[in-house]
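Now for the letters of each chain:
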Amino acid sequence: MSGIYIHIPFCKQACHYCDFHFSTSLKMKSDMLSALSKELVMRKEEQGAGEIRSVYFGGGTPSILTAFEIASLLKTLNEHYQVSKTAEITLEANPDDLSEDYIKDLAAAGVNRMSLGVQSFNEKALQFMNRAHNAKQAHESLEWVSSYFTNFSLDLIYGLPDGIETTAFQEPALPTKIWMSDVQKALEYKPAHISSYALTVEPKTVLHHQIQTASIPALNEERAAAEYHYLKKTLKKAGYGHYEFSNFSLAGLEAVNNAAYWEGKSYIGIGPSAHSYHSGMRSWNISNNTKYIKSLFNHILPSEKEVLSLSERYNEFVMTGLRTAKGVSIAEISALFGAPYSSYILKEAAEKMKSGQLILNDQGVLTVASEAQFFTDGLAAHLFYVD
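Below you will find a few notes about this structure. Small disclaimer: the values here were computed from a predicted structure and weren't measured. (Residues numbered from 1 in each chain as written. Predicted model: local features only at pLDDT ≥ 70, side-chain atom pairs only at ≥ 80, totals over all residues. Heavy atoms only, no water.)

1. Details of the pairing of strand 12 (residues 303–307)
Working step 1: Across the five residues of strand 12, zero count as buried, placing the element largely on the outside.
Working step 2: Sheet analysis places strand 11 (residues 281–285) next to strand 12, joined by five bridges and oriented antiparallel. Counted as the bridge partner of methionine 281 is valine 307 from strand 12. (Buried < 20%, exposed > 50% of the residue type's maximum accessible area, 1.4 Å probe, protein only. Helix = DSSP H or I, 4+ residues; strand = E, 2+ residues; numbered from the N terminus. Pairing = 2+ DSSP bridges.)

2. Some remarks on helix 3 (residues 100–109)
Working step 1: If you check which residues of helix 3 are buried, you get Tyr102, Ile103, Leu106 and Ala109. The arc that holds the buried residues of helix 3, viewed along the axis, is 120°, so those residues lie on one side. Among the exposed residues of helix 3, those oriented more than 90 degrees off its buried face are Asp101 and Ala108.
Working step 2: Positive backbone phi, at 120°, marks glycine 110, one or two positions downstream of helix 3. (Arc of directions from axis to C-beta.)

3. Section: the environment of valine 118
Working step 1: Locating valine 118 in the fold gives a position in strand 4 (residues 113–119).
Working step 2: Sequence separation between valine 118 and aspartate 96 is 22 residues, and the spatial gap between their C-alpha atoms is 9.8 Å.
Working step 3: Sequence-distant contacts of valine 118, that is, excluding residues within four places in its chain, are made with Pro95, Leu126, His133, Ala138, Leu142, Leu154, Asp155 and Leu156. (Contact = heavy atoms within 4.5 Å.)

4. Quick word on the packing of aromatic side chains
By convention here, two paired aromatic rings are described through the distance between centres and the angle between planes.
Working step 1: The final tally for this structure, using the stated rule, is 15 aromatic pairs.
Working step 2: Ring centres of phenylalanine 317 and phenylalanine 337 lie 5.6 Å apart, and the angle between their planes is 70°; this geometry places the pair in the edge-to-face category. You can see phenylalanine 317 sitting in helix 11 (residues 310–322) and its partner phenylalanine 337 sitting in helix 12 (residues 330–337), a full 20 residues away along the chain. Each of the two residues, phenylalanine 317 as well as phenylalanine 337, counts as buried.
Working step 3: Taken together, a centroid distance of 5.0 Å and an interplanar angle of 50° make the contact between tyrosine 341 and tyrosine 385 tilted. In this pair, tyrosine 341 sits in helix 13 (residues 339–354) while tyrosine 385 sits in the segment after helix 14 (376–382), placing the two residues 44 residues apart along the sequence.
Working step 4: Judged by relative accessible area, tyrosine 385 falls into the partly exposed class, the value being 30%.
Working step 5: Each residue in the set Tyr158, Trp179, Tyr228, Phe245, Phe374 and Phe375 is aromatic and connected to the rest through ring pairs, giving one cluster. (Phe/Tyr/Trp six-rings, centres within 6.5 Å; stacked < 30°, edge-to-face > 60°.)

5. Thoughts on the pattern of salt bridges
Working step 1: Using the criterion set out here, one finds 16 salt bridges in the structure.
Working step 2: Its salt-bridge partner being lysine 12, residue aspartate 96 comes within 3.1 Å of it at the nearest N-O pair. Taken together, the residues aspartate 96 in the loop between strand 3 (83–93) and helix 3 and lysine 12 in the loop between strand 1 (3–8) and helix 1 (29–42) connect sequence positions 84 residues apart.
Working step 3: By relative accessible area, which is 15% here, aspartate 96 ends up buried.
Working step 4: Counted as one network, the salt bridges with shared partners bring together Lys12, Asp96 and Asp97. (Salt bridge = Lys/Arg side-chain N within 4 Å of Asp/Glu carboxyl O.)

This is the structure we're talking about:
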């Protein structure tokens, strides 16, 4: 088992674009922490051979917890699992939750990597997204984090709609001034890692409603692509490796937790809505805080399971592989899924290789051409095997 993900399902407020599972009420926080500890204990036999190489506190907003509460969960984890002494222990944090003392306490509790949800340094952009922090807090939090952590990541969001800047509408094939400024400001703090995601419209979110009612313009894919390519070019020049579609890092500082997903390694997901994966079996916990807590208090794991078919495993392998710099090995597909699948992917990829969107190198590894990377997910879907 390579890693453990712990979902903290609480936030101060809802971002307009977010569809993750969380609650803005902290009434059940104490019971939730007890339930998380119970699930950790109940699932300890799932670790199997090998040490835990990463622990990731995600959410929600894990920084809504105190350093003592984080330390208590890590204590339970260390008592019941074999955790590597060099394990990457990451905590996602929002800038408005942080203070210099809190950051020092997190480091003392055992957290050795921070992931900061900055999203933007622009006041209007933050207000549009309904983030709880402001631009000043984004800068302050990075000053503190960079003083106490050598390994930290920050998140940025690109592809925001027209009208946020005072200059309003810009040429859609060019990145906005907001985005170019955000990237440059992020680099001033020399983060070990940067994750960047395009704003997407998820059903039942405020953003979805705003676009459906035409209170804001629809998102512009052309601009999002231009901003993505600006990000790639700028970070490459600054010395960052582009090791996965949305992730960039300095040499040797790729996220261990994230890599487990892309490489198909086993991991345990703890908490409501958390997913797990092991040897072709996927499981997920119920996305309801009350039912999750009640179930654990009754010593019942609140999860469902499914065994992936051979073609489903192949599809996941292709999707995750094409998103990474390593690409997809045709020989590995043949070894894992059989010769019919390696023949199938080559047949389906032929058209995209001819157009230059996909590249097959001399070692038989299929990758996405740099200029086509913004469309990686669509290219991967083109190669899926449908039963």
